[in-house]
Amino acid sequence: MDYRITSYDDYRKKYDESVNNPEGFWADVASSFFWRKKWDSVLEWDFIKPEVKWFVNGKLNITENCLDRHLEGNGDKPAIIWEPNSKDEANRVISYRELHRDVCKFAAVLRSNGVKKGDRVCIYMGMVPELAIAMLACARIGAIHSIIFGGFSARSISDRLIDAGAAYMITCDGAFRGGKTIPLKDTVDDALANSPGVEKVIVFQRTHNPVSMIKGRDVWWHEEMTKVDEAELLPAEEMDAEDPLFILYTSGSTGKPKGVVHTTGGYMVYATYSFVNVFQVKQDDVHFCTADIGWITGHSYIVYGVLCAGCTSVMFEGIPTYPDAGRFWEIADRYKVNVFYTAPTAIRSLMAYGSQPIEGKNLDSLRVLGTVGEPINEEAWHWYDEHVGKKRCPIVDTWWQTETGGIMISNLAGITPAKPGFATLPLPGIQPVLMDEQGNVLEGNEVSGNLCIRFPWPSIIRTTYGDHERCRLNYFAAYEGMYFTGDGCYRDKDGMYRITGRVDDVLNVSGHRIGTAEVENAINMHTGVLESAVVGVPHDLKGQGIYAYVIMDVMPDDDAHTAADILQTVTRIIGPIARPDKVQFVKGLPKTRSGKIMRRILRKIAEGETRQLGDTSTLLDPDIVTLIAAGKK
Ligand code: PRX
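As the structure is a computational prediction, the values presented were derived from the model and not from experiment.

What counts and what doesn't
- Residues numbered from 1 in each chain as written.
- Predicted model: local features only at pLDDT ≥ 70, side-chain atom pairs only at ≥ 80, totals over all residues.
- Heavy atoms only, no water.
- Helix = DSSP H or I, 4+ residues; strand = E, 2+ residues; numbered from the N terminus.
- Buried < 20%, exposed > 50% of the residue type's maximum accessible area, 1.4 Å probe, protein only.
- Contact = heavy atoms within 4.5 Å.
- Areas by Shrake-Rupley, 256 points an atom, 1.4 Å probe, with all protein chains shown as cover.
- Pairing = 2+ DSSP bridges.
- Axes fitted to C-alpha atoms, helices over the stretch in contact; angles between N-to-C directions.
- Disulfide = S-S within 2.5 Å.
- Near = heavy atom within 4 Å.
- Polar contact = N/O pair within 3.5 Å; in protein donor to acceptor, adjacent residues only side chain to side chain.
- Nonpolar A, V, L, I, M, F, W, Y, C, P; charged D, E, K, R; others polar.
- Core = buried A, V, L, I, M, F, W, Y, C linked by side-chain atoms within 4.5 Å.
- Phe/Tyr/Trp six-rings, centres within 6.5 Å; stacked < 30°, edge-to-face > 60°.

(A) Geometry of the overall build of the chain. Tallying secondary structure elements over the chain gives 18 helices and 30 strands in all. Judged by the C-alpha coordinates and their principal axes, the chain covers about 75 × 60 × 55 Å. Burial status across the chain gives 62% buried among its 633 residues. Here the analysis covers contacts within the chain between residues at least 6 apart in sequence; of these, 71% occur between residues at least 24 apart. By element, 48% of the accessible surface of the chain is carried by carbon and sulfur atoms, the whole surface being about 23,800 Å².

(B) Up close: the sheet that holds strand S21 (residues 432-435). Pairing within the open sheet is antiparallel, and its four strands lie in the order S21-S22-S24-S25. Taken across any chain shown, the strands that pair with only one partner, and hence form the sheet edges, are S21 and strand S25 (497-502). Going from strand to strand, the sheet's axes swing by 45° on average, the running direction of each strand aside.

(C) Inspection of the pairing of S25 at higher detail. The pairing of strand S24 (residues 483-491) with S25 spans five bridges and is classified as antiparallel. Residue pairing across strands places Tyr490 opposite Arg498, the latter belonging to S25. Counted along the chain from S24 to the antiparallel partner S25, the turn is five residues long, and its residue Gly495 has a positive phi close to 80°.

(D) Spatial organisation of helix H15 (residues 516-524). Counting buried residues along H15, seven of its nine residues qualify, which places the element largely inside the surrounding structure. For H15, the complete set of buried residues consists of Thr516, Ala517, Glu518, Val519, Glu520, Ala522 and Ile523. Where H15 is buried, its residues contact strand S26 (506-509), strand S27 (512-515), strand S28 (529-539), strand S29 (543-552), helix H16 (559-573) and helix H17 (599-606).

(E) Region of interest: the state of the cysteines. Under the criterion given, the structure shown has zero disulfides. Free cysteine Cys138: the closest other cysteine sulfur is in Cys122, separated by 9.7 Å. The class for Cys138 is buried, based on a relative accessible area of 0%.

(F) Representation of the sheet that holds S29. Taken in spatial order, the three strands line up as S28-S29-S30 in an open sheet, and their pairing is mixed. The open sheet is flanked by S28 and strand S30 (582-585), the only strands paired with a single partner. Direction aside, the axes of adjacent strands within the sheet are offset by 25° on average. Here S28 runs beside S29; their pairing, made up of 10 bridges, is antiparallel.

(G) Here's a closer look at the environment of Asp559. Take Asp559: it is sitting in helix H16. Judged by relative accessible area, Asp559 falls into the partly exposed class, the value being 30%. In sequence terms Asp559 and Val583 are 24 residues apart; their C-alpha atoms lie 8.6 Å from each other. Excluding its chain neighbours within four sequence positions, the residues that come into contact with Asp559 are Phe585 and Lys633.

(H) Structural view of the site of the ligand. Not every one of the 17 residues close to the ligand is listed here, only the nearest: Asp397, Thr398, Thr402, Asp487 and Arg513. Measuring from an oxygen atom of the ligand, one finds a side-chain N or O atom of Gln401 at 2.9 Å. Taking Arg502, its side chain carries an N or O atom lying 2.8 Å from an oxygen atom of the ligand. Contact with the protein chains removes 95% of the 540 Å² of surface that the ligand exposes when unbound. Where the shell around the ligand is concerned, the elements lending two or more residues are helix H10 (296-308), strand S20 (395-398) and S25. For the shell around the ligand, a count of residues per class yields six nonpolar, six polar and five charged.

(I) View of the environment of Leu620. Along the chain, Leu620 falls in the loop between H17 and helix H18 (623-629). As for Leu620 and Val447, which are separated by 173 residues in sequence, their C-alpha atoms are 35 Å apart.

(J) Examining unusual backbone geometry more closely. Here the amide bond leading from Lys49 into Pro50 is cis, since omega sits at -10°, within 30 degrees of zero. On the secondary structure map, Pro50 appears in the loop between strand S1 (41-46) and strand S2 (51-56). A cis amide bond links Tyr322 with the next residue in sequence, Pro323, at an omega value of -5°. The topology assignment puts Pro323 in the loop between strand S17 (312-316) and helix H11 (327-334). Here Lys390, not a glycine, exhibits a phi torsion of approximately 50°, which is positive. One can find Lys390 in the loop between helix H13 (378-388) and S20. The phi dihedral of Lys391 is positive, around 60°, even though this residue is not glycine. Structurally, Lys391 can be placed in the loop between H13 and S20.

(K) Representation of the nonpolar core. In this structure, Phe106, Phe279 and Tyr304 are the most contacted members of the largest nonpolar core, which totals 171 residues. Per element, the largest residue contribution to this core is 10 residues, and it comes from helix H5 (residues 129-141). When neighbours within four sequence positions are excluded, Tyr304 is seen to be in contact with Ile62, Cys66, Met135, Leu136, Ala139, His145, Leu245, Phe246, Tyr267, Thr272 and His299. Ile331, Leu363, Leu366 and Tyr384 belong to the second largest nonpolar core, which has 29 residues in total.

(L) Focus on the packing of aromatic side chains. Applying the stated rule across the entire model yields 43 aromatic pairs. Summarising the aromatic geometry, the rings of Trp26 and Tyr273 are spaced 4.8 Å apart at their centres and angled 70° between planes, so their arrangement reads as edge-to-face. Here Trp26, found in helix H2 (residues 22-30), pairs with Tyr273, found in helix H9 (residues 264-278); they are 247 residues apart in sequence, far enough to count as distant. The buried category is assigned to Tyr273, whose relative accessible area is 0%. Between the aromatic rings of Trp45 and Phe455, the centroid separation amounts to 4.9 Å while the plane-to-plane angle is 65°, which identifies the pairing as edge-to-face. Of this pair, Trp45 sits in strand S1 while Phe455 sits in the loop between strand S22 (447-453) and strand S23 (463-464), placing them 410 residues apart in sequence. Its relative accessible area of 36% is what places Trp45 among the partly exposed residues. When its relative accessible area of 15% is taken as the criterion, Phe455 is described as buried. Taken together, Tyr3, Phe25, Trp26, Phe33, Trp35, Trp39, Trp54, Phe55, Tyr270 and Tyr273 form an aromatic cluster joined through their ring pairs.

(M) View of the side chain of Asp240. With respect to the helices, strands and loops of the structure, Asp240 is situated in strand S13 (residues 239-240). Since its relative accessible area comes to 18%, Asp240 is described here as buried. Reaching out from Asp240, the side chain makes a polar contact with the side chain of Lys59 at a distance of 2.8 Å. In this view, Asp240 contacts Asn57, Gly58, Lys59, Leu60 and Thr264; residues no more than four positions away in its chain are not counted.

Here it is in structure tokens:
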């Protein structure tokens, strides 16, 4: 790992080099990976089309980098330590050698079930090691995985299956989460009723709850694995650097989630490079990222980046408060975790239990703490620093996105300075710019604007699956020649970046990205709803809560009852993460003469402001604002 940044001066030097000679810089980084054939050129790019290619004509398989390359020196080292939901169940420690064997075996299972290079495979599982095995097995044979977070509904699954044109699914009978057993296979069955394109479903048995297995379509994971002849394991497929590795759906400002496509070479290089540098990991580190693998954080920093770097990844099936709020700290002590990476929302929810669950825990193996997913408030930052890090662990506040594949702006643990509330400085290779609404670059410090990136990095989104124009419009059209992040940002007097939140109609609820239009579409499917408007409101635990204004054809007699029904509809259509926190029934919505909903006003009312609502003179019907603010239907 000779691309490791070792000091602040080294950071400055590498940063300059990455700007002045990006191709040389990235060729150096990429050289420490295993390539079957080296690239012909490092980078070809055009942000107008957009088209970006890294390590052109390079050939590799990411799993050879994650697994095979560690076998000789580190085959017995734990690759994954799995902590089950229940403390009464035994954990699993899976060495690199065992993981390699299981991935090769399951890759053979996929092949024998008809999966070929380039096929899309949707994965809907709980946090079990087989989830990592499934994704790596797809990568082994060149199939494109698309993981769907286990909290999504049948409807969300079928939307994604259809969009990805997936003929294969991998799931579990169920998942344990806290005190609950979640019937994943039943949900998949519902989803498949609306997506007949799926030919094969491989089911891993985790919870042993009864499931229906459809003859010819559904097969058991454990039965298929026994059919594989270990002596005849197939070698990894040779992939082009630009062959897609995975699709991951994420919300945007329109109603339909988009399939972000990442490719093999660039993603591998950047996920690993950012992992090593931000967390300043050492070869034998134990890394505990509390995210779900269904989100990009889990892809990059539970699986690909961690395994490529040859570290040990702790994977936790359960939730932070089950059976008690000391669970994370117990895991940290038990496995001697060195790097702990979580979301501000988790910190806030644990803070609410006070310091008691953390007392008596050692936590002396911890060296670096990280946060991701949303701005971290100072109170949570200081609690994390004091109670978890004992004021001796640097906290890295890592800003990035599904589309960026890896961490973009963050302090580097112990190398560059931290500042509470600030993601601080870009990694070498990342060139952020702030733009005003008119499309001018805001130079200098102490400025706020829309955050763009003006030069490609290896794991930049390549396309949105099946709709390249959508990718162009979403990310490359707002500011010509730039990648637009959708985030607002402030650069302080020292050139440090503070992310201020989304500037589009995307909410960030407990670190989960949810489009307002998506929630509105779901609400509008409820019988009797004529129209709705959704806005975010500050929420103590979740960061942002969801506030919905709803117009019904007939005003309900019992608001609470109808609101509960609407919440159920949203849960059914999207999943529980999108449930509004509050539903207010209204007679109309504040709209401009051209029909645009004035969300600015709705946000203020949701925050409890009833007087200073700003200029309402451009509204079609200004009186409606008074009614809404007064809570009148
Ligand atoms: O608004 C930013 C916020 O999360 C968005 C990306 O969400 P997603 O694609 O789901 O990926 C989350 C995990 C990488 C961003 O546009 N965000 C992410 N990290 C931070 C953040 N906001 C503030 N500070 C962060 N560290």
